[in-house]
Amino acid sequence: MAISKLDAPMLKKAFLAGAARLESQKERINELNVFPVPDGDTGTNMTLTALSAVKAVNAVEEPTIESLAKAMSSGSLRGARGNSGVILSQLLRGFCKEITAHADNVTVSVLAAAFNKAAETAYKAVMKPKEGTILTVAKGGADKAAELDGTTEDIAKFAGEVISHMEKVLDSTPDMLPVLKEAGVVDSGGAGLLEVLKGAYDVLLGKIVPLADGNINTTAVSSGKSGITDDIETADIKFGYCTEFIIMSEKEFTEKDESDFKHYLEGLGDCIVVVADDEVVKVHVHTNDPGLAIQKALTYGQLTSMKIDNMREEHHERVIENATQKAKEQKNAEENTSKLSNEPRKKDGFIAVSAGEGLSEIFKGLGADYVIEGGQTMNPSTDDILNAIDKVNADNVFILPNNKNIILAANQAKELTEDKNIIVIPSKTVPQGISAIINYIHDGDTESNISKMTEGMECTKSGEVTYAVRDTVIDGKTISQGNIMGIGDTGIISVRDSVDSTVLEMLETLVDEDSSIISLYFGAEVGETDANALIDKITEKYPNLDVELQFGGQPVYYYLLSVE
């Protein structure tokens, strides 16, 4: 039976099913990320954003189109994490605004207008929209929806055709962004958006589907290894081995081969990724029997870059490690709140985002009133930033995101704040944030300080040193899992086998005739003795520059570099 009008129960079920499907495909979407770094990935950020909205939706006592739309919009806005999460929240915001205006009669025409409003709202939220991203996929859906308006009254048929067209747009994203083509993947944000829509579409088709319940593990930190978080028991991990390998195909690996192999892997496990590029096929699967996956793969060609991780063992170790970290973070938060609650109102206040005990102390020493624990390994949500704003008793509150994936969430928090003047200094790295706050003048006016802080930030060259979590090709460099990578402000600078050699090679690019200071912040996994030994090498190589070493304590990143 055709559905010609969307009611509240169906809207709720469709959204919960979409969120559940996104959550189930989270790790597959994470695998599509171009940069092979162990940080907070697209699938994780979009899922946490959606689940925040689910929690708000499930709290609505008497669901109507209006009340559900408001919950979806506000819940996703406050829970948005990372650029992909913020864009998803803006898509929902635009969509919900349109269906609210026609709540009594949500037809195909209204949904077509809602798709258009969603894309329009998301594009406006991004300062410099880039094609080949989730925005392009959303715009493709809006264009197809407008084309179908008036041709059918069947909402399910309409949705199916829109999704089909969006899949084609997603498949074309590598042709729009060379970095996607180089890595052999489609856009991860666009893939995440399609999972939400496919889950909703299954409800329209009358399928029995799982529904998200809104349980959110906000303190989970992606390790970049197996994607396991602390909100499950080790015994509850259904498929225990994260299995990855590359097939060197001895003959053409056709679309039928890809489809058949994926179908076979679905019978063995989940989190399946099969990406074919000419004669090379990258494979990822979570399974209890890696041998069966390997045996089947051998029928297509020789195997290389094989890796099998025991996720149950990793999870058990991570639970112990993260429990200690959570206790420390809770203590720091309580100290922050206690201190700020007793302070008088002042002109200017500062919020910084950073991960690592040393970096937090550095920001506090430079005048930060509140430090949000987070960054690369876990992007804070809009709500996290709003809570921090609430605790800083100042007329003007400067926010230093210190990560390009947090700037949109900070701007979203700014838009949702009414009683304070919020100024987002768009620092993309911790060194930029440190330079910005150092350039603040206590007696200066607000506009002058914005200018000085931005100028200081822009005069700082940054670098980050970490390890690769998967094989890929990016920025013209072939990267193997376990390589040490040096990432600069514009991309990957160095790929080596050791941390020290990577740092030294990065500095050759970052240091020029105008440089005067090199600063290194060593992470939690680096010993002070090793850090001092590296500083000696740098001092010997650059005798005319000031070289500084400070403890950052940041996870995942061995060193953060700053050249001024």
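Reading the values: rules and limits
- Residues numbered from 1 in each chain as written.
- Predicted model: local features only at pLDDT ≥ 70, side-chain atom pairs only at ≥ 80, totals over all residues.
- Heavy atoms only, no water.
- Helix = DSSP H or I, 4+ residues; strand = E, 2+ residues; numbered from the N terminus.
- Buried < 20%, exposed > 50% of the residue type's maximum accessible area, 1.4 Å probe, protein only.
- Areas by Shrake-Rupley, 256 points an atom, 1.4 Å probe, with all protein chains shown as cover.
- Polar contact = N/O pair within 3.5 Å; in protein donor to acceptor, adjacent residues only side chain to side chain.
- Contact = heavy atoms within 4.5 Å.
- Axes fitted to C-alpha atoms, helices over the stretch in contact; angles between N-to-C directions.
- Left-handed = near helix turned anticlockwise from the far one by under 90°.
- Pairing = 2+ DSSP bridges.
- Expected span 1.5 Å × (residues − 1).
- Salt bridge = Lys/Arg side-chain N within 4 Å of Asp/Glu carboxyl O.
- Parallel < 35°, antiparallel > 145°, perpendicular 65-115°, else oblique.
- Nonpolar A, V, L, I, M, F, W, Y, C, P; charged D, E, K, R; others polar.
- 1 Å grid on protein atoms, 1.4 Å probe; cavity = no way out; pocket = protein on both sides within 12 Å on 5 of 7 lines; lining within 4 Å.
- Points joined across faces, edges and corners; volume = space filled by probe spheres on them.

**Observations concerning the overall build of the protein**
Next, step 1: Each helix and strand counted, the protein has 20 helices and 16 strands in total.
Next, step 2: Looking at the protein as a whole, 56% of its 564 residues qualify as buried.
Next, step 3: Carbon and sulfur atoms make up 49% of the accessible area of the protein, which totals about 25000 Å².

**Points about the side chain of Thr 287**
Next, step 1: Relative to the assigned elements, Thr 287 resides in strand β3 (residues 280-287).
Next, step 2: Here Thr 287 falls in the buried class, since its relative accessible area comes to 1%.
Next, step 3: At 3.1 Å, the side chain of Thr 287 and the backbone nitrogen of Asp 289 are in polar contact.
Next, step 4: Beyond its immediate chain neighbours, meaning those up to four positions away, Thr 287 contacts Phe 239, Gly 240, Tyr 241, Thr 243, Leu 268 and Gly 269.

**Considering the packing of helix α3 (residues 42-58) against helix α5 (residues 82-101)**
Next, step 1: It is the contact of α3 with α5, at a shortest axis distance of 7 Å, that shows an interaxial angle of 40°. Handedness of the crossing formed by α3 with α5: right-handed. Along its contact with α3, which presents Thr 42, Asn 45, Met 46, Thr 49 and Ala 50, the element α5 presents Gly 82, Ser 84, Gly 85, Leu 88 and Ser 89.

**Quick notes on the sheet that holds strand β5 (residues 346-354)**
Next, step 1: Strand order in the open sheet made by the four strands is β6-β5-β7-β8, with parallel pairing throughout. Strands at the two margins of the open sheet, each flanked by one partner only, are β6 (370-373) and β8 (421-424). The average undirected angle you get between the axes of adjacent strands in this sheet is 20°.
Next, step 2: Where β5 meets β6, four bridges bridge the pair, whose relative direction is parallel. Bridge assignment links Ala 352 to a residue of β6, and that residue is Val 371.
Next, step 3: In the packing of helix α15 (residues 382-391) onto the sheet, contacts are made with β5, β6, β7 (394-400) and β8, and the angle to β6 comes to roughly 165°.

**Some words on helix α17 (residues 430-438)**
Next, step 1: Along α17, eight of the nine residues are buried, which leaves the element largely enclosed by surrounding structure.
Next, step 2: Buried within α17 we find Val 430, Pro 431, Gln 432, Gly 433, Ile 434, Ser 435, Ala 436 and Ile 437.
Next, step 3: A side-chain oxygen of the first residue of α17 lies 3.2 Å from the backbone nitrogen of Gln 432; this N-cap is Thr 429.

**Considering helix α19 (residues 499-510)**
Next, step 1: Taking 1.5 Å of rise per residue, twelve residues should cover 16 Å, and α19 covers 16 Å from first to last C-alpha, within 8% of that figure.
Next, step 2: Three or more residues of α19 are buried, namely Val 499, Ser 501, Thr 502, Val 503, Leu 504, Met 506, Leu 507 and Leu 510.
Next, step 3: Looking at the buried positions of α19, the neighbouring elements they touch are β9 (461-467), β12 (484-488), β13 (492-496), β14 (517-522), α20 (528-541) and β16 (559-563).

**As for the pairing of β3**
Next, step 1: Of all eight residues in β3, seven are buried; the element is thus mostly enclosed.
Next, step 2: As defined by bridge partners, strand β1 (residues 241-249) adjoins β3 across eight bridges and the pair is classed as antiparallel. Along β3, the bridge assignment pairs Met 248 with Val 280.

**Some points on the pattern of salt bridges**
Next, step 1: This structure, assessed with the given rule, holds 21 salt bridges.
Next, step 2: Here Glu 195 and Arg 28 are joined by a salt bridge, their closest N and O atoms 2.5 Å apart. Residue Glu 195 is located in helix α10 (residues 188-204), and its partner Arg 28 is located in helix α2 (residues 26-31); the two are separated by 167 residues in the primary sequence. As far as burial versus exposure is concerned, Glu 195 and Arg 28 are alike and both buried.
Next, step 3: Close ionic contact of Lys 207 with Asp 202 constitutes a salt bridge, the shortest N to O distance being 3.5 Å.
Next, step 4: Several salt bridges share partner residues, and in doing so they unite Arg 21, Arg 28, Glu 195, Asp 202 and Lys 207 into one network.

**Describing the pairing of β16**
Next, step 1: For β16, a buried count of five out of five residues is recorded, marking the element as mostly surrounded by other parts of the structure.
Next, step 2: In β16, alternate side chains face the same way, and those of Tyr 559, Leu 561 and Val 563 on one face and Leu 560 and Ser 562 on the other are all buried.
Next, step 3: Where β9 lies against β16, five bridges are found, and the strand directions are antiparallel. From the neighbouring strand, Lys 461 faces β16, where its bridge partner is Val 563.

**Here's the deal with the packing of α3 against helix α4 (residues 65-79)**
Angle between the axes and distance between the axes: these two values describe a pair of packed helices.
Next, step 1: At a closest axis distance of 7 Å, the pairing of α3 and α4 adopts a crossing angle of 140°. By the angle class used here, α3 and α4 are oblique. Relative to α4, α3 is oriented so that their crossing is right-handed. For the pair α3 and α4, contact is made by Leu 48, Thr 49, Ser 52, Ala 53, Ala 56 and Val 57 and by Leu 68, Ala 71, Met 72, Gly 75, Ser 76 and Gly 79, respectively.
Next, step 2: Taken together, the residues of the contact of α3 with α4 sort by class into seven nonpolar, five polar and no charged.

**Some details on empty space enclosed by the protein**
Next, step 1: Under the criterion given, the structure shown has five cavities of 30 Å³ or more.
Next, step 2: Computed from the structure, the largest cavity encloses a volume of approximately 520 Å³.
Next, step 3: Taken together, 25 residues form the lining of the largest cavity, with Phe 95, Phe 115, Val 196, Leu 197 and Ala 200 sitting closest to its centre.
Next, step 4: Going through the elements one at a time, α1 (8-24), α5, α6 (108-125), α8 (155-176) and α10 are the ones with two or more residues in the lining of the largest cavity.
Next, step 5: Among the elements that line the lining of the largest cavity, the one with the most residues is α10, at six residues.
Next, step 6: Its residues assigned to classes, the lining of the largest cavity comprises 25 nonpolar, no polar and no charged.

**Some words on the side chain of Ser 381**
Next, step 1: By secondary structure assignment, the location of Ser 381 is in the loop between β6 and α15.
Next, step 2: Residue class for Ser 381 comes out buried when judged on its relative accessible area of 4%.
Next, step 3: Those residues in contact with Ser 381 that lie beyond four places of it in its chain are Arg 78, Gly 79, Ala 80 and Arg 81.

By themselves these figures say nothing about function.
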